[in-house]
Amino acid sequence: MSVKLNEKFLTGFVAPEEVTKISHLTGAAFDVVKSKSGAGSDFLGWVDLPVNYDKEEFARIKAAAEKIKGMCDVFVVIGIGGSYLGARAAIEFCKSPLYNNLAKDTPEIYFAGNTISSSALADVLRLCEGRNVCVNVISKSGTTTEPAVTFRIFRELLEKKYGEEGARERIFVTTDRARGKLKEFSTEKGYETFVVPDDIGGRYSVLTAVGLLPIAVAGIDLDTMMKGAADAREAYSCPCIETNDCLRYAALRNIMYNKGKSIEILVSYEPAVQMFCEWWKQLYGESEGKDNKALYPSSVIFSTDLHSLGQYIQEGLRTMFETVIDFKNSVDTVVIPDDPNNIDGLNFLSDKELHDVNRMAMTGTLFAHNDGGVPNVVIEVDDRDEYNFGYLVYFFEMACAVSGYMLGVNPFDQPGVEAYKKNMYALLGKPGYEDHKAALEARMN
């Protein structure tokens, strides 16, 4: 397997028999996922997506990506939450956090519509000045405030710059298959559209058109990525807790939670994985954070954050455990040179590859945090590439669904997200929210 669970750094915290003892619970939750018989079962389309995706749309995504590469310098992806996190995670994971600085044969890609900050949007607009621009707006309804407002602004920009006909060729829309304001508007305008599937929620949608169009524009091989996800689906099809690492991870999270742990920290020693961590935090936070339950998903990038949060992890409250993503191989090779004067005292590192030093830092930290009372789950990954991105995405999605059902929540809804929207709409004067606005204003006074 390309992805493997290492439980060595759980010794003394979780006994192997503890996983076995709850295998009936893990197996039952897994069966609920596979049989699509639990709460939120209408949103389980991701389970078989790696082998059952729409091949015709897949081909259109590739063709659109080639068209975009040929006609623009800047590609602006407009979306929030699952409509942008997965794509950005994939681009940085497979390419680099410095993708926009290093891109040669593909457009620079900027993400907008994930904030209401005027300064953040103005920066992206400035980057578009004097350059050819294409836009991909991603929204199932088309009425979510952040992306909808941003799309208004970019649509105006493109129509002024290229005219309505020229803008039509540069706007790509990922939305509902048949209904919603954005779908209606796109049909009226003649924009090329791709589908946000009805049976896949936003945080599980990275391997649909939601994520795949921006990923393809970055020059990433979609077939290899889907192959990784398909292989993961096959690898994790067995309900046997002894051999299914995905189920073991879900079980371990459940055990930690029941032992009083309240925080899970996802750790990587590669800065390119930072946005993958952000995707993971949405996946687990939005799926499990209900009914006053669930682990709080956090993340760090070591060794950088060892110099800020390392002290707390080592000696703070014992409320956490870490899940470490360990990449066995490096994308690049950098060798530390010898210094005849040894001014830094580091000649013992001369001629070593930096990746090997990084992994020794990881091992040293694992032992230190274990000694400090912090359990560590290690997920070993061969390479940081598109195949393993697809594999890891499926690993975490399946584990999340199983873990949510074990916790007793619906892993596919997000009722809490609607609360802030209702308040914001009322305060901004949206029609139909007059009574709620009056109630909020009374509270403010």
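Residues numbered from 1 in each chain as written. Predicted model: local features only at pLDDT ≥ 70, side-chain atom pairs only at ≥ 80, totals over all residues. Heavy atoms only, no water.

Structural notes on the overall build of the protein
Here is step 1: Looking only at helices and strands, one finds 18 helices and 10 strands in the protein.
Here is step 2: Relative to the globule expectation of 22 Å for 445 residues, the C-alpha radius of gyration of the protein, 23 Å, shows essentially globular dimensions.
Here is step 3: Expressed along its principal axes, the backbone C-alpha trace of the protein runs to roughly 65 × 60 × 55 Å.
Here is step 4: The buried share among the 445 residues of the protein stands at 50%. (Helix = DSSP H or I, 4+ residues; strand = E, 2+ residues; numbered from the N terminus. Rg over C-alpha atoms; globule rule 2.2 N^0.38 Å. Buried < 20%, exposed > 50% of the residue type's maximum accessible area, 1.4 Å probe, protein only.)

Some remarks on the pairing of strand β4 (residues 133–138)
Here is step 1: Extensive coverage of β4 is indicated by the burial of six of its six residues.
Here is step 2: Every second residue of β4 is oriented toward a common face, with V133, V135 and V137 on one face and C134, N136 and I138 on the other, all of them buried.
Here is step 3: In the sheet, strand β2 (residues 74–78) pairs with β4 via five bridges, with the strands oriented parallel. Bridged to I78 within β4 is V137.
Here is step 4: Pairing between β4 and strand β5 (residues 171–175): four bridges, direction parallel. Paired with V137 across the bridge in β5 is V173. (Pairing = 2+ DSSP bridges.)

Considering the sheet that holds strand β10 (residues 376–381)
Here is step 1: Here we have five strands laid out as an open sheet, ordered β1-β10-β9-β7-β8, and mixed in their pairing. Of all the strands in the sheet, the pair left with one neighbour each is β1 (3–6) and β8 (296–301). The mean inter-strand angle of the sheet, taken between neighbouring strand axes irrespective of direction, is 20°.
Here is step 2: Pairing analysis gives four bridges linking β1 to β10, with the strands arranged antiparallel. Each bridged residue has a counterpart across the sheet, and for V3 the counterpart in β10 is V381.
Here is step 3: Across the sheet, helix α16 (residues 386–407) is in contact with β1, β7 (263–268), β9 (320–327) and β10; its angle to β10 comes to roughly 145°. (Axes fitted to C-alpha atoms, helices over the stretch in contact; angles between N-to-C directions. Contact = heavy atoms within 4.5 Å.)

Quick word on unusual backbone geometry
Here is step 1: Look at the link from F302 to S303: it is a cis peptide, with omega at 5°.
Here is step 2: Checked against the element boundaries, S303 lands in the loop between β8 and α14 (310–315).
Here is step 3: Here D291, not a glycine, exhibits a phi torsion of approximately 55°, which is positive.
Here is step 4: The exposure class assigned to D291 is exposed, which follows from its relative accessible area of 56%.
Here is step 5: In this structure, D351 is a non-glycine residue whose phi angle is positive, near 70°.

Structural notes on the sheet that holds strand β3 (residues 108–112)
Here is step 1: Strand order in the open sheet formed by five strands is β3-β2-β4-β5-β6, and the pairing between neighbours is parallel. The open sheet has two free edges, formed respectively by β3 and β6 (192–195), since each of these has just one partner strand. With strand direction ignored, the average angle separating the axes of adjacent strands in the sheet is 20°.
Here is step 2: Sheet strands in contact with helix α4 (residues 55–71) are β2, β4, β5 and β6, and its direction is about 135° off that of β6.
Here is step 3: Sitting on the sheet, helix α7 (residues 118–128) touches β2, β3 and β4, and the angle it makes with β2 is about 155°.

Describing the packing of helix α17 (residues 417–427) against helix α18 (residues 434–444)
Here is step 1: Between α17 and α18, whose axes approach to 8 Å, the crossing angle comes to 90°. Relative to α18, α17 is oriented roughly perpendicular. Touching K422, N423, A426 and L427 of α17 are H436, K437, L440 and M444, all from α18.
Here is step 2: Of the residues in the contact of α17 with α18, the class split is four nonpolar, two polar and two charged. (Parallel < 35°, antiparallel > 145°, perpendicular 65-115°, else oblique. Nonpolar A, V, L, I, M, F, W, Y, C, P; charged D, E, K, R; others polar.)

Quick notes on the layout of surface pockets
Here is step 1: Estimates place the volume of the largest pocket at around 1000 Å³.
Here is step 2: As for the largest pocket, its lining consists of 36 residues, of which I80, T144, G202, Q414 and K421 are closest to the centre.
Here is step 3: Only α8 (145–168), α13 (274–288) and α17 provide two or more residues apiece to the lining of the largest pocket.
Here is step 4: The greatest single-element share of the lining of the largest pocket, amounting to five residues, is contributed by α17.
Here is step 5: The residue inventory of the lining of the largest pocket, partitioned by class, reads 15 nonpolar, 12 polar and nine charged. (1 Å grid on protein atoms, 1.4 Å probe; cavity = no way out; pocket = protein on both sides within 12 Å on 5 of 7 lines; lining within 4 Å. Points joined across faces, edges and corners; volume = space filled by probe spheres on them.)

What to know about the nonpolar core
Here is step 1: Membership of the largest hydrophobic core comes to 98 residues, with the highest contact counts inside it found for W46, L213, F276, W279, F389 and F396.
Here is step 2: At 14 residues, α16 tops the list of elements feeding residues into this core.
Here is step 3: Aside from chain neighbours lying at most four places away, what touches W46 is V33, D199, I200, Y204, Y394, E397, M398, A401 and F412.
Here is step 4: Among the nonpolar cores identified, the runner-up in size contains 19 residues, and V133, F151, F154 and I171 belong to it. (Core = buried A, V, L, I, M, F, W, Y, C linked by side-chain atoms within 4.5 Å.)

Here's the deal with helix α2 (residues 23–35)
Here is step 1: If you check α2, its first and last C-alpha atoms are 18 Å apart, about what 13 residues at 1.5 Å a residue would give, namely 18 Å.
Here is step 2: Listed in full, the buried residues belonging to α2 are T26, G27, A29, F30 and V33. Buried residues along α2 cover an arc of 165° about the axis, so they all sit on one side.
Here is step 3: Elements in contact with the buried residues of α2: α12 (245–258) and α16.
Here is step 4: Where α2 terminates, the next one or two residues include K36, which has phi positive at roughly 55°. (Expected span 1.5 Å × (residues − 1). Arc of directions from axis to C-beta.)

Concerning the side chain of R248
Here is step 1: For R248, the location among the structural elements is in helix α12.
Here is step 2: By relative accessible area, R248 is classed as buried at 11%.
Here is step 3: Engagement of the side chain of R248 in a polar contact is seen with the backbone oxygen of I241, the distance being 3.2 Å. (Polar contact = N/O pair within 3.5 Å; in protein donor to acceptor, adjacent residues only side chain to side chain.)

These figures capture arrangement, not role.
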